[in-house]
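Descriptive structure summary
The residues making up each chain are set out below.
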Amino acid sequence: METQILTFFAEWLILPKEQFRILVMLADVGAFRGALADMCRYFSVDPQTNNNNRLRAAIDELARHNYITVTRTGRTYQMTVIPKEQEITMPAEWVARIRRHEYNSEGVAWENVLKVQLWLMQNTKDVVVTNEEIASDIGISISQVVAAMNVLKNEFQAFRKDYAYWNFGNTFRRKGQIIDMSAWWS
C-alpha cells in the first residue's frame, strides 16, 4: 500500500492559526466543496455562528492574499490551494497523528506543533537554530515553540537535539541547537 503524501508550503507557516488550519485541510482533502458546517465537522468544532464567521474571514483573507482560489454558490464553497515556491511534504498519517494527539503535557495547539515540525523539516540540515528564529519565522511565541518542540521530541520522538555553544575561555554560552530529524519523519 502506498503512503499518501501531503504537500505544504513554507509560505503558509507564518499565517494565523485559522488560515493555516484551512490550508492543512486543503492539503489533506485536496479541492474542497461544501458548506462552512462541513468544514466545522472536519475540524471537530461546533458549526456555531462564531466559528462560521471566523472561517469565513479566514477564507476571505486566504483568497485575498492568493493562497487559495474560492468560488461560492449560495452556502457552498469550492476551494483549491494556489501552490507557492517552497514545498514541504509529509506523510498524511503523521499529520493525522499530530491533529488527533492529546496535548495534555504541554499547552500547545496542534497547528503550532505542525508548524514547528514543518519548519524543522525544512530548515535544520546541519545548522544551528534558535527558538527565537523559529518563532519569528512562523509567527508564534517562543513559549509555544518550546512547548511544540517538547511534544515533538518527547511524545513523537520526531528529532534528536544537541546544543551548540560558544567558548569564552572558561565560560560557555549556548548559541542554539542542532536538530537531527528522526528517520520516521524524514
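You'll find the structure just up there.
The text that follows walks through the structure, step by step, so that each part is easy to find. (Residues numbered from 1 in each chain as written. Predicted model: local features only at pLDDT ≥ 70, side-chain atom pairs only at ≥ 80, totals over all residues. Heavy atoms only, no water.)

Scanning all chains against the criterion turns up three aromatic pairs. A centroid spacing of 6.1 Å and a plane angle of 85 degrees characterise the contact between Phe8 and Trp12, whose relative ring orientation is edge-to-face. Using a relative accessible area of 1% as the deciding quantity, one classes Phe8 as buried. Ring geometry for Phe9 and Trp12: centres 5.4 Å apart, planes at 65 degrees, overall edge-to-face. Given a relative accessible area of 7%, Phe9 falls into the buried group. Grouped by ring-pair contacts, the aromatic residues Phe8, Phe9 and Trp12 constitute a single cluster. Note that Lys84 overlies the ring of Tyr67, its terminal NZ or CZ placed 4.8 Å from the centroid. For the cation-ring pair, Lys115 lies above Phe20, with the distance from its terminal atom to the ring centre recorded as 5.4 Å. (Phe/Tyr/Trp six-rings, centres within 6.5 Å; stacked < 30°, edge-to-face > 60°. Buried < 20%, exposed > 50% of the residue type's maximum accessible area, 1.4 Å probe, protein only. Lys NZ or Arg CZ within 6 Å of the ring centre and 35° of its normal.)

The next thing to look at is the packing of helix H5 (residues 110-123) against helix H7 (residues 142-155). For the pair H5 and H7, the least separation of the axes is 9 Å and the interaxial angle reads 80 degrees. The orientation of H5 relative to H7 falls into the category roughly perpendicular. Contact residues: H5 offers Asn112, Val113, Val116, Gln117 and Leu120, while H7 offers Gln144, Val145, Ala148, Met149, Val151 and Leu152. In terms of residue class, the contact of H5 with H7 is made up of eight nonpolar, three polar and no charged. (Axes fitted to C-alpha atoms, helices over the stretch in contact; angles between N-to-C directions. Helix = DSSP H or I, 4+ residues; strand = E, 2+ residues; numbered from the N terminus. Parallel < 35°, antiparallel > 145°, perpendicular 65-115°, else oblique. Contact = heavy atoms within 4.5 Å. Nonpolar A, V, L, I, M, F, W, Y, C, P; charged D, E, K, R; others polar.)

Under the counting rule described, the total for this entry stands at seven salt bridges. Between Arg54 and Glu18 there is a salt bridge, with its nearest N and O atoms 3.4 Å apart. With Arg54 in helix H3 (residues 49-64) and Glu18 in helix H1 (residues 17-29), this residue pair connects regions lying 36 residues apart in the sequence. Taken together, the shared-partner salt bridges in this structure form one network comprising Glu18, Arg21, Arg54 and Glu111. (Salt bridge = Lys/Arg side-chain N within 4 Å of Asp/Glu carboxyl O.)

Time to look at the nonpolar core. One finds Phe8, Trp12, Ile22, Met39, Leu114, Val116 and Leu120 to be the most contacted residues of the largest nonpolar core, which totals 59 residues. Among the elements that make up this core, the one with the highest residue count is H5 (eight residues). For Met39, the contacting residues outside a window of four places in its chain are Ile22, Met25, Phe32, Leu55, Ile59 and Met79. (Core = buried A, V, L, I, M, F, W, Y, C linked by side-chain atoms within 4.5 Å.)

The sheet built from three strands is open, its strands ordered E2-E4-E3 with antiparallel pairing. Unpaired on one side and paired on the other, strand E2 (32-34) and strand E3 (68-73) mark the two borders of the sheet. Mean inter-strand twist for the sheet, computed between neighbouring axes without regard to direction, equals 10 degrees. As judged from the six bridges shared by E3 and strand E4 (residues 76-81), these two strands associate in the antiparallel manner. What sits directly across from Thr69, in E4, is Thr80. The sheet strands contacting H1 are E2, E3 and E4, and the helix crosses E4 at an angle near 80 degrees. Across the sheet, H3 touches E3 and E4, and the angle it forms with E3 is around 130 degrees. (Pairing = 2+ DSSP bridges.)

The strand order E6-E8-E7 describes an open sheet built from three strands, whose pairing is antiparallel. Two strands close off the open sheet at either side, each with one partner strand: strand E6 (128-129) and strand E7 (159-168). Here E7 runs beside strand E8 (residues 171-181); their pairing, made up of 10 bridges, is antiparallel. Note on E8: the bridge partner recorded for Lys161 is Ile179. Each of E7 and E8 is contacted by H7, which is oriented at about 125 degrees to E7, the strand it contacts most.

These results come straight from atomic positions and should not be treated as a statement about function.
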